[in-house]
Amino acid sequence: MRGKTPWFEGDVPAEMVPEKYRLAQAYVPKTRYLDPDFLKLELEKMFTRTWLMACRVEELPGVGCFVEHEIGSHSILIVREAKDSIRAYYNACRHRGTRLARGRGRVGSIICPFHGWRWNLDGSIRLVLDREEFVPRSDDDLGLVRVRAEQWGGFVFINMDPNAAPLLEYLDPIPRIFEPFQFQNMRYRWMKGVILPCNWKTALDGFLEAYHVAGTHPQLHRFDKSNTNIASLKELENRMWAPTTAYERHAHYSSVGQKKNTKSAGKDPSRRNTDGVIDERLSVALSVQYIADDMRGLENERSWRAAEALKTADVPEGMTAGQYFLQLYRGLSIAEGYDWPVITPQQWGEAGTAWNVFPNTILLPNQGSAFGYRARPNGPDPDSCLFEIFSLDQVPVADYDKKRDFQPQFFEDFREADLGEVFTQDLMNAKEVTVGMHSPSFDGHRLSEEQEMTIYNHHRVADRFLWT
Ligand code: FES
Ligand SMILES: [Fe+2]
């Protein structure tokens, strides 16, 4: 029988939440970020019962390839046990608990580094040295303990709860809405992980709202006001950060209990707002190229070239520059062997800008390219997290089955990660927010009811796991 699925059950009654952690109207107490006991609870009750994005399928190209996924005090091994099968196990020896493997690699069998017990890739016990000297134990008892592993869109998600609802149910409606973006046909362009001196939620919060754009990214204002005709600030905000999805369940909580964000035009390039811009072609082209050059994701080398061609193109009568850009981008893509799924205006609208896969992943879909963010607690310290940004690109049809050797990059200090101007500005906030939150004068976040409810809703959904 399936266990509880708390995200379907609505808000938990306030009295079930200890007072020091209790949410109030558009208010989140700082204890939920700073208190080590709260992190302990998250690790015990939330991360153990939610589907977590652990890796991409492409990171396990051959049988025996493995990736270790650490989250707080948990360590899970994701292993390709057969050509078409990926499994996950707790990364702990059945003998005396030793961690079995670190990082990533490829093995023929899983061998404990301490006394050499050995397992087949399917988790069954293969060798116990001097087994006859032990109390008789069944092979079942000695097998590696499995963690659920399911796939969607080229991602491998894990769930430590054997009774959890299936991944596709958990993600609903993302699989339907993301279908035309074909995440399964994308591959990593890059992934950079950095240690940030902040709570894992603080790192995500910076990407859950666009309210910070005016304060954190003043250059976007400069572009807006200059004569370079770059797309309006609103346009850039919409394209990059504003979570627009209305959703009332776990996976994306942007609008749980709030009115729909009707302000965003979404990312549909054919519907870009060009109000007040003199040359519509430049507006579209420069906005695409700014993102392509600075952020190195969401746009790609083909959309950059299409934008370049647009600058001097004769846009046909009755067509907007955005529509013509898409036509150029499509032409290049098809000529170079890429699939070009049709995305209807309605589908663009539904996809919005950013989707939050509760608890710790954000995905930004776009045609041909996508961004993702993931934040994880870094051990038991609530003021430290591992934050990762990844850029995915669609690959040519001929390369769908091609194996690649991909290595994510890791930097202790984000300033050495060459993340571009916009991301660097975002990450600069992490430490300052944390230092300020520790001030005795500060009690909690006072959130905008229009622009920051995504942050609030994350906590509402979390409460459904933490207190049930
Ligand atoms: S702890 Fe693993 S074999 Fe002894
Ligand atoms: Fe930002």
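So, here's what we can say about the structure.

### A word on the nonpolar core
If you look at the biggest cluster of nonpolar residues, it comprises 97 residues, and the most contacted ones within it are Leu 196 and Phe 387. Ranked by residue count, the leading element in this core is helix H15 (residues 453-466), at 7 residues. Setting aside its immediate chain neighbours within four residues, Phe 387 contacts Lys 192, Gly 193, Val 194, Leu 196, Ala 203, Leu 204, Phe 207, Tyr 373, Arg 374, Ala 375 and Leu 427.

### Comments concerning unusual backbone geometry
Across the junction of Asp 172 and Pro 173, the peptide omega takes the value 10°, indicating a cis bond. Mapping Pro 173 onto the fold places it in the loop between helix H4 (167-171) and helix H5 (174-178). Look at the link from Phe 358 to Pro 359: it is a cis peptide, with omega at 5°. Tracing the sequence through the fold places Pro 359 in the loop between strand S13 (355-357) and strand S14 (361-366). Within the chain, Ala 26 stands out as a residue other than glycine whose phi angle is a positive 50°. Inspection of the secondary structure puts Ala 26 in the segment before strand S1 (27-29). Using a relative accessible area of 7% as the deciding quantity, one classes Ala 26 as buried.

### A few points about the pairing of strand S11 (residues 155-159)
Where burial is concerned, most of S11 is hidden: 5 out of the 5 residues are buried. Of the two faces of S11, the one carrying Phe 155, Phe 157 and Asn 159 and the one carrying Val 156 and Ile 158 are both buried. By the bridge criterion, 4 bridges tie strand S2 (residues 52-56) to S11 in an arrangement that is antiparallel. Across the sheet, Arg 56 pairs through a bridge with Phe 155, a residue of S11. Inspection of the sheet shows strand S10 (residues 146-152) paired to S11 by 5 bridges, in the antiparallel sense. By the bridge assignment, Glu 150 is partnered in S11 with Phe 157. As consecutive antiparallel partners, S10 and S11 are separated by 2 residues, and within that stretch Gly 153 has a phi angle of approximately 60°, a positive value.

### Digging into helix H12 (residues 321-335)
Over its 15 residues, H12 extends 21 Å from the first C-alpha to the last, a length consistent with the 21 Å expected when each residue adds 1.5 Å. The complete set of buried residues in H12 reads Ala 321, Gly 322, Tyr 324, Phe 325, Leu 326, Tyr 329 and Ser 333. Residues of H12 that are buried in the fold lie against helix H10 (280-295) and helix H11 (301-311). Positioned one or two residues after H12, Gly 337 has a phi angle of 90°, which is positive.

### Digging into the pattern of salt bridges
Applying the stated rule across the entire model yields 28 salt bridges. Here Arg 460 and Asp 11 are joined by a salt bridge, their closest N and O atoms 2.8 Å apart. Residue Arg 460 is located in helix H15, and its partner Asp 11 is located in the segment before S1; the two are separated by 449 residues in the primary sequence. Overall, Asp 11 belongs to the partly exposed group, its relative accessible area being 41%. Here Lys 311 and Glu 308 are joined by a salt bridge, their closest N and O atoms 3.0 Å apart. Remark: Glu 308 and Lys 311 occur in helix H11; sequence separation between them is 3 residues, near one turn of the helix.

### What about the coordination of the iron ion (ligand 2)?
Protein ligation of the iron ion (ligand 2) involves His 212 (NE2), His 217 (NE2), Asp 426 (OD) and Asp 426 (OD), the donor distances falling in the range 1.9 to 2.7 Å. Here the iron ion (ligand 2) is ringed by 4 donor atoms whose angles at the metal span 53 to 147°, and the overall shape comes out irregular. Here the donor residues for the iron ion (ligand 2) map to a single chain with the spacing H-x4-H-x208-D. Residue His 212 is located in the loop between helix H6 (200-205) and helix H7 (213-216), and its partner Asp 426 is located in helix H14 (residues 420-437); the two are separated by 214 residues in the primary sequence. Asp 426 shares its class with His 212; the two are buried.

### Some details on the pairing of strand S4 (residues 74-82)
Counting buried positions along S4 gives 8 out of 9 residues, so the element sits mostly inside the fold. Two strands pair when backbone bridges link them, and strand S3 (residues 65-71) and S4 are joined in this way by 6 bridges, in the antiparallel orientation. What sits directly across from Phe 66, in S4, is Val 79. Remark: 2 residues form the turn of the hairpin made by S3 and S4, two consecutive strands paired antiparallel; Gly 72 in that turn has positive phi of roughly 55°. In the sheet, S4 pairs with strand S5 (residues 85-90) via 6 bridges, with the strands oriented antiparallel. Bridge pairing links Ile 78 to Ala 88 in S5. Count of turn residues in the S4/S5 antiparallel hairpin: 2 residues.

How each quantity is defined
Residues numbered from 1 in each chain as written. Chains lettered and ligands numbered in written order. Predicted model: local features only at pLDDT ≥ 70, side-chain atom pairs only at ≥ 80, totals over all residues. Heavy atoms only, no water. Core = buried A, V, L, I, M, F, W, Y, C linked by side-chain atoms within 4.5 Å. Buried < 20%, exposed > 50% of the residue type's maximum accessible area, 1.4 Å probe, protein only. Helix = DSSP H or I, 4+ residues; strand = E, 2+ residues; numbered from the N terminus. Contact = heavy atoms within 4.5 Å. Pairing = 2+ DSSP bridges. Expected span 1.5 Å × (residues − 1). Salt bridge = Lys/Arg side-chain N within 4 Å of Asp/Glu carboxyl O. Donors = N, O, S within 2.8 Å, 3.2 Å for Na, K, Ca; no water. Tetrahedral: all angles 85-135°; square planar, octahedral: opposite > 155°, others 65-115°.

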